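# Fold and geometry: a report
Letter by letter, the chains look like this.
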Amino acid sequence: MKTESFLQKTNFLAGHQPEELLAQYGSPLYVYNEQIFRDRCHDMQSLVDYERFTANYSIKANSNINLLAIAREEGMYADAMSPGEILFLEQAGYSPEQIFFVPNNVSREELQFAIDHNVLTSLDSISQLDLFGQLNPGGRVAIRINPGVGAGHHEKVVTGGKKTKFGISMDQMDQVQTTLKRYQLHLVGVNQHIGSLFMEPQPYLEAARHFLSLAEQFSELELVDFGGGFGIPYHKLEGQERLDLQTLKHELTALIRGFVAKYKRPVLFKSEPGRYVVAESGVLLGTVHAVKQNDASTFVGTDLGFNVLARPMMYDSWHDIEVFHQGELQATDGPLKTVSVVGNICESGDIIAKHRELPPIVEGDVLAVLDAGAYGYAMSSTYNNRLRPAEILIQKDGQTRLIRRREVFEDLFRTFEF
Ligand code: LLP
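It should be emphasised that the depicted structure is a prediction, and the values quoted were computed from it without experimental measurement.

## Focus on the overall build of the protein chain
Looking only at helices and strands, one finds 13 helices and 18 strands in the protein chain. Viewed in the frame of its principal axes, the protein chain has a C-alpha envelope of about 65 × 55 × 45 Å. A fraction of 70% describes how many contacts in the protein chain between residues 6 or more apart in sequence connect residues 24 or more apart. When the accessible surface of the protein chain is split by element, carbon and sulfur atoms take 49% of a total near 18400 Å². Positive and negative charge centroids in the protein chain, built from 39 and 53 side chains respectively, lie 4 Å apart.

Here you go:
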């Protein structure tokens, strides 16, 4: 099967040799391409043809402060899930009005943190709304509504509907009103999020339509946030189609304009994309250390364990892989071999690609795992006392820049008391 290399097509590495990058920054290594990242920010910022619209970058996907600063330059706002995320956003130059705090099950102290930092907060249960009211009577709040429908690539990432822990359901709106009244809170925002990684526009549009019909009942809204979840083609080497942003744009714009004509107050509309913005701008490079045959299976042993990229282990996620041998990208139209690419973690489930057809691989080859920018580094760990990798940026001018150093052994010891 002839497939076009993504790295070649996008000139992702801007002429840098993967081996040299690994020699300089250590293996494994997260590499981001600034131009692709900016292009994706731009795609999301232009998702709706209406002036009062902004995309909130959902920083849980990748919270590297240098990338956050670029997203801000591209005009994005951001959402945060924790005080730590708020701190990173402040460090990257976001003002409080540009940050939307959308937590789940947080403590009194964490809510107080957001109040002290003047960040608008969305509460996603009556308990949390009540707690917020106690802390900030008379304040401005938002609520997260459970739209009753969900979508996503795995049940672990569906966040709407009856089976999930997220959001306040519509049958609790009386309690919302009572709580708002008790603490004289102003409900200025509503948000929802159906789930992560949809590849067809329809579920999102239907949820948005339904959401706007609910939003009409609140009289003081300044902000309506439709949520994120925009998918990217993880099977791009097989020619998987991209999400149809044109249809989304056309229909979402019409929905918004229809709402505005009736609602009459100036509302800011938002979406919350994480993955779409950063997944394709990140590639994970790693080294092959061993190749072995075990009965009928061939294992390609690498330093790409699930400590570095957890998605395949956690959701059986697919990531395309490109192979470099002595600096040369290996063609996929020659003979291929079925192998399992595994990491160096002490668990049998430590598999990054199972029974995958790849060009012949030998010790010393470099693998490039595509679409690793979202929920890659962000979900990495030091399991087995391994060090987290460095992150570098290939800048627009083609130069590389270290944007987070590789961990060193002292980092592993940092939190101990002896
Ligand atoms: N807004 C809210 C309230 C969310 O919970 C999420 C993701 C997003 C926005 C951004 O979703 P995105 O546009 O990135 O799909 N670790 C999983 C994904 C977990 C998503 C959690 N919430 C993965 O690697 O697929």
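Let us keep going from here.
## Some words on the pairing of strand β5 (residues 120-123)
Across the two faces of β5 the burial is the same, with Leu 120 and Ser 122 and Thr 121 and Leu 123 all buried. Of the strand pairs in this sheet, strand β4 (residues 99-101) and β5 are connected by two bridges, and their pairing is parallel. Of the residues in β5, the one forming a bridge with Phe 100 is Leu 120. One ladder, built from two bridges, connects β5 with strand β6 (residues 140-144); its direction is parallel. The partner of Ser 122 across the bridge, within β6, is Ala 142. Note on the crossover from β5 through helix α7 (residues 126-135) to β6: the handedness is right-handed.

## Things to note about the layout of surface pockets
Approximately 360 Å³ is the volume found for the second largest pocket. Considering the residues around the second largest pocket, the lining is formed by 18 residues, among which Glu 97, Asn 118, Val 119, Leu 120 and Arg 140 are closest to the centre. Elements with a contribution of two residues or more to the lining of the second largest pocket: β4, α6 (108-116), β5 and β9 (268-271). Counted by class, the lining of the second largest pocket contains 11 nonpolar, three polar and four charged residues.

Thresholds, definitions, all that
- Residues numbered from 1 in each chain as written.
- Predicted model: local features only at pLDDT ≥ 70, side-chain atom pairs only at ≥ 80, totals over all residues.
- Heavy atoms only, no water.
- Helix = DSSP H or I, 4+ residues; strand = E, 2+ residues; numbered from the N terminus.
- Contact = heavy atoms within 4.5 Å.
- Areas by Shrake-Rupley, 256 points an atom, 1.4 Å probe, with all protein chains shown as cover.
- Lys, Arg positive; Asp, Glu negative; His and termini not counted.
- Charge placed at Lys NZ, Arg CZ, Asp CG, Glu CD.
- Buried < 20%, exposed > 50% of the residue type's maximum accessible area, 1.4 Å probe, protein only.
- Pairing = 2+ DSSP bridges.
- Right-handed = clockwise from strand over helix to strand, strands pointing away.
- 1 Å grid on protein atoms, 1.4 Å probe; cavity = no way out; pocket = protein on both sides within 12 Å on 5 of 7 lines; lining within 4 Å.
- Points joined across faces, edges and corners; volume = space filled by probe spheres on them.
- Nonpolar A, V, L, I, M, F, W, Y, C, P; charged D, E, K, R; others polar.

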